[in-house]
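Remarks on the overall topology
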Amino acid sequence: MSYALRRIINSLVLLLITISFVFFAGRLIGDPALNMLGPGATPAALEKLRIVAGLNDPLWQQYLHYIGGLMTGDFGVSYRFGFSVLPALDLAELGQPVIDIVLERLPATFLLAGAALAISIPLGIFMGVTAAAHPRTFADRIVTVLSLAGVSVVQFWLGLMLIVLFAVQLGWLPTGGYGDIRHAILPALTLAARPIGRIAQVTRSAMLDELAKPYVITARAKGVQNHRVIYHHALKNAAIPIVTMIGDETSALLTGAILVEKIFAWPGVGLLIIDSLSRSDLPLIQASIAVVAALVITVNLLVDFSYRYFKPEITLGRGR
Amino acid sequence: MAETLNTLPPSDGDESRQVRIGWIHYVRAILRDYVTLFALAFVVALVAFTLGADFLAPHEPTGLNLRDRLLPPASTGRNGDFYLLGTDELGRDQFTRLIYGARVSVSVGVLGALLSAIIGVTAGLMAGYHGGLLEDIVMRLVDGMLSLPSLLVALFVLFILGGGFGNLILVFLVLHWMVFARMARGLALNARGSAYVQAAVAQGCKSGRIIWRHILPNIMAPILVLFTLEIAVLILSEASLSFLGFGVQPPDASWGLMIAGGREHIRSAWWLVAFPGLAIFFTALSLNLIANWARAVTDPVQRWRWLAPHRISGISQ
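Every value quoted in this text rests on a predicted model; they were computed, and no experiment measured them.

**Topic: the overall build of chain A**
When helices and strands are counted, chain A shows 13 helices and 0 strands. Helices and strands in chain A line up, N terminus first, as α-α-α-α-α-α-α-α-α-α-α-α-α. Relative to the globule expectation of 20 Å for 320 residues, the C-alpha radius of gyration of chain A, 25 Å, shows a markedly less compact shape. Dimensions of chain A along its principal axes, counting C-alpha atoms only, are 85 × 60 × 30 Å. Relative to its 320 residues, chain A shows a buried fraction of 40%. Here the analysis covers contacts within chain A between residues at least 6 apart in sequence; of these, 70% occur between residues at least 24 apart.

Structure follows, in structure tokens:
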């Protein structure tokens, strides 16, 4: 079996374990029927709902039914969104399909994470390369301090401080919400702070290692221009740790967005997760966690595969 | 070779003038490095305030004083009380609350990191030294759990179990032991082939003795560095989870919870959000700086630059 195939299967198994864990753990918080109808529901109404939603079946049967549904893209219906109380005769009439709700929120999160990456990748690499190309100078010190600050700051606190400064005091930008580009500036900057610091740190140390190697001296001796040596020769060889870090930070962005979306009332998946948790909307919690986990696991898989591109001699798996 | 790793290179090329590295070199190195010195001073002060909160806090943590509500930093109340960092919506002194909040935030970080380290290092050392099926299982688990979105899993588990100090530490243990396991396994793998372990094996040491008495002391330095970094990571995570309402629960106060409480007054009383965040920031920054420094002075190849009797120009982290 090829390495890639085995990694893909491993990832799918991990995803299945995660989804199953969320399914079973979710049952620990109490009776789903009571959750849906609220404490004022009559016993008759509860019983009717249990029959309609299949909650009287044994748990393993419900689980198989749930997993079977996932295969066809059916993640269940929300307890809260568009939920019609009885008399519903079958499950589809109970509420809005949760997967639709999650997918509707996904573009906003992608936009935010994409904007943060678009800021942090070039800026972080530039800062790291500059520091490594001029070691022990003032620029190096500044980069070191800024990148440590970016890693040490609490993201949601930074967001609140930016709101105080730019939205409340200066009034230049909106405090939150979703709309034109002005709404995206503060959340994207907030989310970018940490990846800028991490990418700058790892770029600096990887480039310091590379720039000390003989091939760099050779290239310089041949008269290759300095920026070409740095950006074409050394940076490509320093790519593995940098790409790994970018991948790590991309998955961190997807979950870090939970807090940033909350602060800025940005209607993405993160805000949806918080809302669904506070409303105990179990199907919605299950679906949004499944989607985010799938995204994060996929990003981690892609990072693994990208090793091959940057360093073909690395033997992956059992060897070629 | 071992001798040269524990000595400093002679300053004038005279081999007889080699100096063994002692604690005095570390003290001198840290006194010379103002940034690390500041970080260390901050952490020492933080620990002192955390342990001695009852003696050092200027006010009562729950001392309501409704006439002195929402006073800005460095103001004096009606009774002549001085509030260094201002007061909150109930007239409680914010500096005092920060000190008591530090108790919770710091102990969650330290306890969480300590338990993760114990479990993770044990699993990693066993896996790395014994190899085989054990290693396969541990590393499969480590790789799998590391590729999960940890904040999201933490949120969900705390939603099921409920927040609070104990559950928070439990969640951190479950989600962070892998970091230590991965590192310890790599270090144990390296150590297994080294001469000192081979010598111990040849003398008939049992594997438990080799792991705990021979390998562990030799790999302590990188593990302590990671431990320091993990405390910072956990303090940041605690703040996030508590801010969202899934971590520490009132009446316990942590820094993250204080930011959440101050958020309602953000337009009129910025200091209620600013100072708890700064406390977290300086704590995490100090721990990062100390970890960087510790990594440098415990690196056998690099450390002479820091420990040399004379300042060597142009060292930086």
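After that view, the rundown keeps rolling.
**Here we look at the overall build of chain B**
Helix and strand content of chain B: 14 helices and 4 strands. Here chain B holds 317 residues, and the buried ones make up 43% of them. The long-range fraction of contacts in chain B, counting pairs at least 24 apart against all pairs at least 6 apart in sequence, stands at 67%.

**Here's the deal with the interface of chain B and chain A**
Residue-level contacts link 33 residues of chain B with 36 residues of chain A. Examining the composition of the side of chain B that touches chain A, we find that 9 residues originate from one element, helix 13 (residues 271-297) of chain B, more than from any other. When its residues are assigned to classes, the side of chain B that touches chain A shows 23 nonpolar, 8 polar and 2 charged.

**Re the environment of A:Ala219**
Residue and element names in this part refer to chain A. Among the secondary structure elements, Ala 219 is positioned in helix 9 (residues 214-221). Exposure remark for Ala 219: the 18 C-beta atoms within 10 Å place this residue in the partly exposed category. Considered as a pair, Ala 219 and Thr 137 are 82 residues apart in the sequence and their alpha carbons are 24 Å apart. Excluding its chain neighbours within four sequence positions, the residues that come into contact with Ala 219 are Val 224, Val 229 and His 233.

**Regarding the packing of helix 11 (residues 220-243) of chain B against helix 13 of chain B**
All names here are of chain B. Two numbers describe how helix 11 lies on helix 13: the axes approach to 8 Å, and their chain directions differ by 165°. Judged by the inter-axis angle, helix 11 sits roughly antiparallel to helix 13. Helix 13 is crossed by helix 11, and the crossing has left-handed handedness. Across from Leu 224, Val 225, Thr 228, Leu 229, Ile 231, Ala 232, Ile 235, Leu 236 and Ala 239 in helix 11, the residues of helix 13 making contact are Ile 280, Thr 283, Ala 284, Leu 287, Asn 288, Ile 290, Ala 291, Ala 294 and Arg 295. Looking at the contact of helix 11 with helix 13 residue by residue, the class counts come to 14 nonpolar, 3 polar and 1 charged.

**Quick look at the nonpolar core**
Counting 169 residues, the largest nonpolar core has A:Leu112, A:Ile242, A:Val292, B:Leu155, B:Phe180, B:Ile215 and B:Ile280 as its most contacted members. Per-element accounting of this core gives the leading share, 16 residues, to helix 13 of chain B.

**Observations regarding the environment of A:Tyr63**
Position of A:Tyr63 relative to the elements: it lies in helix 4 (residues 59-71). Separated by 40 residues in the primary sequence, A:Tyr63 and A:Phe23 have C-alpha atoms spaced 7.6 Å apart.

**Overview of the confidence of the model for chain B**
Detailed reading of the predicted coordinates is not advisable wherever pLDDT falls low. Residue and element names in this part refer to chain B. Of the residues in chain B, 85% reach a pLDDT of 70 or more, and the chain-wide mean stands at 82. Considering each helix and strand of chain B separately, the mean pLDDT is smallest for helix 1 (residues 2-5), with a value of 48, and largest for helix 8 (residues 165-192), with 91. Quick note on the complex model: pTM equals 0.85, ipTM equals 0.83.

**Here's the deal with the packing of helix 11 (residues 239-264) of chain A against helix 12 (residues 269-278) of chain A**
Residue and element names in this part refer to chain A. Closest axis-to-axis distance for the helix 11/helix 12 pair is 7 Å, and the angle between their directions is 80°. Between helix 11 and helix 12, the interaxial angle falls into the category roughly perpendicular. Touching Ala 257, Ile 258, Glu 261 and Lys 262 of helix 11 are Gly 270, Leu 271, Ile 273 and Ile 274, all from helix 12. Of the residues in the contact of helix 11 with helix 12, the class split is 5 nonpolar, 1 polar and 2 charged.

**Considerations on the confidence of the model for chain A**
With 90% of its residues at a pLDDT of at least 70, chain A reaches an overall mean of 82. Averaged pLDDT values over the elements of chain A bottom out at 72 in helix 2 (residues 32-37) of chain A and peak at 90 in helix 5 (residues 98-133) of chain A.

**Details of the environment of A:Asp248**
Residues and elements named next belong to chain A. Inspection of the secondary structure assignment puts Asp 248 in helix 11. Classification of Asp 248 by C-beta neighbours within 10 Å gives partly exposed; the count is 19. Taking the C-alpha atoms as reference points, Asp 248 and Pro 214, separated by 34 residues in sequence, lie 30 Å from one another.

**With respect to unusual backbone geometry**
All names here are of chain A. Even without glycine at this site, Ala 265 takes up a positive phi of about 50°. Along the chain, Ala 265 turns up in the loop between helix 11 and helix 12. What makes Ala 265 partly exposed here is the crowd of 14 C-beta atoms within 10 Å.

Cut-offs used in this document
Residues numbered from 1 in each chain as written. Chains lettered and ligands numbered in written order. Predicted model: local features only at pLDDT ≥ 70, side-chain atom pairs only at ≥ 80, totals over all residues. Helix = DSSP H or I, 4+ residues; strand = E, 2+ residues; numbered from the N terminus. Rg over C-alpha atoms; globule rule 2.2 N^0.38 Å. Buried ≥ 20, exposed ≤ 12 C-beta atoms within 10 Å, placed from the backbone. Contact = placed C-beta atoms within 7 Å. Nonpolar A, V, L, I, M, F, W, Y, C, P; charged D, E, K, R; others polar. Axes fitted to C-alpha atoms, helices over the stretch in contact; angles between N-to-C directions. Parallel < 35°, antiparallel > 145°, perpendicular 65-115°, else oblique. Left-handed = near helix turned anticlockwise from the far one by under 90°. Core = buried A, V, L, I, M, F, W, Y, C linked by C-beta atoms within 7 Å. pLDDT = per-residue confidence, 0-100.

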